[in-house]
Amino acid sequence: MIKEPLYTDIILPLPLPKLYTYSVPEELYDNACSGKRTVVQFGKKKIYTGLIKNIHKNRPKEYETKDILTILDDTPIVNEIQLKFWQWISEYYLCSIGEVMKAALPSGLKLESETKVIFNPEFKHSTELSPKEELIYTALENRKLLTIKEINDILEQKNSLPVIKSLLNKQAIYVEERLIEKYRPKYTTYIQLHNKYKNQEELHQIFDKLAKAPKQLELLMNYINYSKYLTLQEPLKVSKDQLLETYPAGHQALPALVKKNIFVLDEVETGRIETSTDEIHKINELAGFQEDALNQIYKQFETKDVILLHGITSSGKTEIYIHLIKEYLEMGKQVLYLLPEIALTAQIINRLKKVFGNKAGIYHSRFSDSQRVETWNAVLNKNSVINYQLILGARSSLFLPYDNLGLVIVDEEHENTYKQYDPSPRYHARDAAIMLARLHNAKTLLGTATPSIESYYNAQNAKYGLVELKQRYKEIKLPEIFLADTREAYRKKKMLSHFSPLLLEKIEQALSKKEQIILFQNRRGFSPYVECNMCNWIPKCEHCDVSLTYHKYLNQLVCHYCGYTCPVLVACKACGSTNLQTRGFGTEKVEDEIAIFFPNARIARLDLDTTRSRKIYEKILNDFENRAIDILVGTQMITKGLDFDNVSIVGIMNADNMLNFPDFRAFERSFQLMAQVSGRAGRKHKQGEVIIQTGNPNHPVIQDVISNHYAHLYLTQLTERKQFNYPPFYRLIEIILKHKKTVRLNPAAHQLTIELKK
C-alpha cells in the first residue's frame, strides 16, 4: 500500500524570511515529529541541522522539495511551548525564527557544514559494527581520513550521514569541525576487583602471583587502600584517574591487571555538571515585614500574572524569593530565576544550593558548550546524572526546554544588561520572560530596589501587581551619603588626581579598621579618549566613528562598540604633533592611582576586561568576600545585588559622566546605579558611608539619591517622558543602515527617511 507523501517545515539556523518545506522519506515517517533535529541539504552543497516545526501533506507549488537526510533524535529536544515562544520573539523583535533557533540551541546541539571524517586509533574494535560501519571503519583504518563524498561512493548511496552518526556514537571516528553531534557525554572509568576475589584468602593468592611484578602489586595495594576493600561491606568507588594519580607508574601496570582478570573497568556517564554533596540547610525564618510582603504576593497572584516587588537595598528580597521557590518546587513546578549579570550567579547559587541542593542549576554563556548541552538535557529530563527543577541564569536561560514552568523571578529587573543588542534576536529578557511565563500559565515576579520607569508605570496603572518593602532587614540603617564637590576642590587645587580629600580620608579610616572599600567608575579602560593638545584631534573608530578608549594593559586604543583595536599613536594624524594627552579616566586608571596613595592595600578590579573567564570573576568575588582584597574597583558589575559584610565605604568616582550621558534614560540609570552601589555599603553590622564625587552637588537626581526618594524621580521623569513622546507613553525603534561605501549608504538613508515620513 502506497502511503500518502508527508512534508515538513524546517527551521534552519539562518536569517530566512520563510520556512523551507522538505519531503519526508517513507522510512522516516514513524520517526518524524515536531521538535526533533534533522539533517537537510540547503543550497547546492551546504548541510545544516534543521528543526522540524510541523508535519503536513501540503506540497509547495513554487519549488521542488528535497528529502530530509536523517533524523537525529529519538525524542524531541524542543517542545511546543518553546516553538510558540520562538515564534513570538521572531514576530515581536522583527527577526527570523532561524535566528532565534541559532541563539536558543547550544552549539553542541547544532551541526556544521559537511567536512572530513577521521579514524580514531583508540577505538576498541570489540564493539559490534554493522556491515556498512565495518566497511567505512576498514577504509578509514587504511586511509585515516575521508570526505563525505568519498564515504558516499564507498557505500554507493547518496546519504551516509546515519552511518557516520552511528560510528560517532560508538566513538570509532572523529569529525573535523564536528559534522554530527559536537557534544559528547563525559564518562568516568571506575576500577573494581573481579567478582571472584571476595575474601582475604583469594586476595593472598593474587599477592603471591604478583610477587614478581612489583608495580602491579603496588597498584593493587593502592586500590585496596583507597576503596577500603577489606574494611567496608560495600567498597568505595575508585576512578582510574584517582588511582593513577596516587601511583603514576601504574599506567603500564593497569592494562596487565585488566588482562589477568584481576581488575574490571566500568565506564559510567558522569557528566560535567558539578553536583553538591553538602547538607541541605533549613530556610531562614522571615521577618514580620517580609512575611507580610510574601502574603501580599500570594494574594495578588490570585488576580495578577505579574507582580513588581519594590524593596529597598538590604530589605531581604532574596529570602522572599527562596520561600516562593520552595512553595513552587513542592507543587512539582519548575522555577526560572533570572539575573542580569553572570558575575552574580556565583554568589547567589551558593545560597540556593544550601537550600535546594542539586535541584538548582546554572545556565549562561560563559559555560562550555558541553556544560550547556548537559544542563539542557537535565531540564529536558534526558540527563541520567541529574534533573534540574530550578534554573539560575542570565538571559540565555529563557530558551531552555521547560515543560512545567510555574514561576519566573526577574531579579534587578531594571538592568539594561537584560537587553540583547547584537546579534539578532535583539530581545529584552525581562519582557520575554513575562511572555514565556504567560505561555506556561506561570507567574512572574519582578524584583528591584530601583524599578525601571516602564515597570513602575505598569504597576501604578494596575497592569502589574505592586508589593513594597520599605525597611531593611534587621533594621540596618541606610548608608550615610556625603557629597564631594570636585569643581570646588579643583578650583582650590585640593584634588589629588581624581580623588577628593574627603574620599581619600574615608578610605584611610576604613583601611585602618580593616574594613573594605568599593570604588565605582562606570567606564572601563585607562582613559576614555586621547586628544591632541595642539589641534584637539581625537582618534576615532574606523567603523563606528566613536572615540577610541585607551587600555594601558593592552597598550592599545580600543572601540567599545565593535572591538576594533589599533596601536597607541605616537603622533597626531591631523597636525603631526607628538603632544598627545589622555583625557578622563576609567577603572584601570583608578586601580593604578589608588595603589599610589595606598601602597599596602590589596587592590583588585572587576570589569569586562578582568572577567573574560568564569573562573577569574568567581575568584575576584570570592577573594573579596574572604577579605583577601581591601579595595575593589569596578564598573556597573559591582552595583548589582552583591552582598559583602565588611564593606563600609563606597566611593562613586564621577557622578557627572553618568548624568550627562546623551540618552533619555540617563537620569533614571544614574539614580539606579548610584542607589544600587550605595546599597553595597554597611550591610550587616554597621551603617556604611557613601561618597559621591560630583561637580554639581545640587543636581536633582543626586538629591533624590541622598533622600532615597524614588517616587520623586519617577514623577519628574514621567512628566518629561510624556512631554517628549518617550516610553512608557510611546515606543521607539532604532533603524541602523550599514554599507561599506558611504556614497551608497547616505543616499539610501536619505531615501528611507523620505519614505518613512510619508
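Look above for the structure.
Residues numbered from 1 in each chain as written. Predicted model: local features only at pLDDT ≥ 70, side-chain atom pairs only at ≥ 80, totals over all residues. Heavy atoms only, no water.

Undergrad: I'm lost on the overall build of the protein in this one. Help?
TA: In terms of helices and strands, the protein carries 24 helices and 29 strands. Within the span of the protein, comprising 758 residues, buried residues form 51% of the whole. Contacts spanning at least 24 positions in sequence make up 73% of the contacts within the protein whose residues lie at least 6 apart. Counting only carbon and sulfur atoms, one obtains 49% of the accessible surface of the protein, whose full area is about 38400 Å². On the protein, the mean spot of the 101 positive side-chain charges and the mean spot of the 89 negative ones are 3 Å from each other. (Helix = DSSP H or I, 4+ residues; strand = E, 2+ residues; numbered from the N terminus. Buried < 20%, exposed > 50% of the residue type's maximum accessible area, 1.4 Å probe, protein only. Contact = heavy atoms within 4.5 Å. Areas by Shrake-Rupley, 256 points an atom, 1.4 Å probe, with all protein chains shown as cover. Lys, Arg positive; Asp, Glu negative; His and termini not counted. Charge placed at Lys NZ, Arg CZ, Asp CG, Glu CD.)

Undergrad: Could you clarify how one ought to interpret the nonpolar core in this entry?
TA: Generally speaking, soluble globular proteins have nonpolar side chains that are buried together. Counting residues in each nonpolar core, the largest one holds 89 residues, and the members touching the most others are F85, W86, L336, W376, L398, I652 and M674. Ranked by residues supplied to this core, first place goes to helix 14 (residues 429-439) with seven residues. Sequence-distant contacts of L336, that is, excluding residues within four places in its chain, are made with I391, S397, L398, Y402, L405, L407, V408, I409 and L436. I283, F301, Y337 and L352 belong to the second largest nonpolar core, which has 34 residues in total. (Core = buried A, V, L, I, M, F, W, Y, C linked by side-chain atoms within 4.5 Å.)

Undergrad: Hey, could you run me through the sheet that holds strand 3 (residues 37-42) in this one?
TA: Through backbone hydrogen bonds, the strands of a sheet pair up, either in parallel or in antiparallel fashion. Pairing in this open sheet of five strands is antiparallel, and the strands run 2-1-4-3-5 from one edge to the other. Each having just a single partner strand, strand 2 (20-24) and strand 5 (70-71) make up the two edges of the open sheet. Along the sheet face, helix 1 (residues 80-92) touches strand 1 (6-11) and strand 4 (46-56) and points at about 110 degrees away from the line of strand 4. (Pairing = 2+ DSSP bridges. Axes fitted to C-alpha atoms, helices over the stretch in contact; angles between N-to-C directions.)

Undergrad: I would appreciate a short explanation of the packing of helix 7 (residues 214-227) against helix 9 (residues 250-259) in the present structure.
TA: Geometrically, a packed helix pair is captured by the angle between its two axes and the distance between the axes. The contact between helix 7 and helix 9 brings their axes to 9 Å, and the two run at 85 degrees. Here helix 7 is positioned roughly perpendicular relative to helix 9, judged by the angle of their axes. Residues K215, Q216 and L219 of helix 7 form the contact with helix 9, whose own contacting residues are G250, A253, L254, A256 and L257. Of the residues contributing to the contact of helix 7 with helix 9, the split by class is five nonpolar, two polar and one charged. (Parallel < 35°, antiparallel > 145°, perpendicular 65-115°, else oblique. Nonpolar A, V, L, I, M, F, W, Y, C, P; charged D, E, K, R; others polar.)

Undergrad: Where do I start with the pairing of strand 29 (residues 689-694) in this structure?
TA: A regular strand places its side chains on the two faces of the sheet in alternate fashion. Most of strand 29 sits inside the fold, with six of its six residues counted as buried. Alternating positions in strand 29 separate into two faces, E689, I691 and Q693 on one and V690, I692 and T694 on the other, with burial throughout. Pairing between strand 19 (residues 480-485) and strand 29: six bridges, direction parallel. Bridging across to strand 29, I481 finds its partner in V690.

Undergrad: Can you help me understand the sheet that holds strand 23 (residues 556-558) in this one?
TA: Across the sheet, which stays open at both edges, the three strands sit in the order 22-23-24 with antiparallel pairing between neighbours. Strands with a single pairing partner mark the edges of an open sheet, and in this sheet they are strand 22 (549-551) and strand 24 (565-567). Across this sheet, the average inter-strand angle for adjacent strands is 35 degrees, counted without regard to direction. Taken together, the three bridges between strand 22 and strand 23 define a ladder with antiparallel strand orientation. When the sheet's bridge partners are listed, T549 is paired in strand 23 with V558.

Undergrad: Looking at this structure, I do not really get the side chain of E515. What am I missing?
TA: Take E515: it is sitting in the loop between helix 17 (501-512) and strand 20 (516-520). Excluding anything up to four places from it in sequence, E515 contacts A510, N646, S648 and K686.

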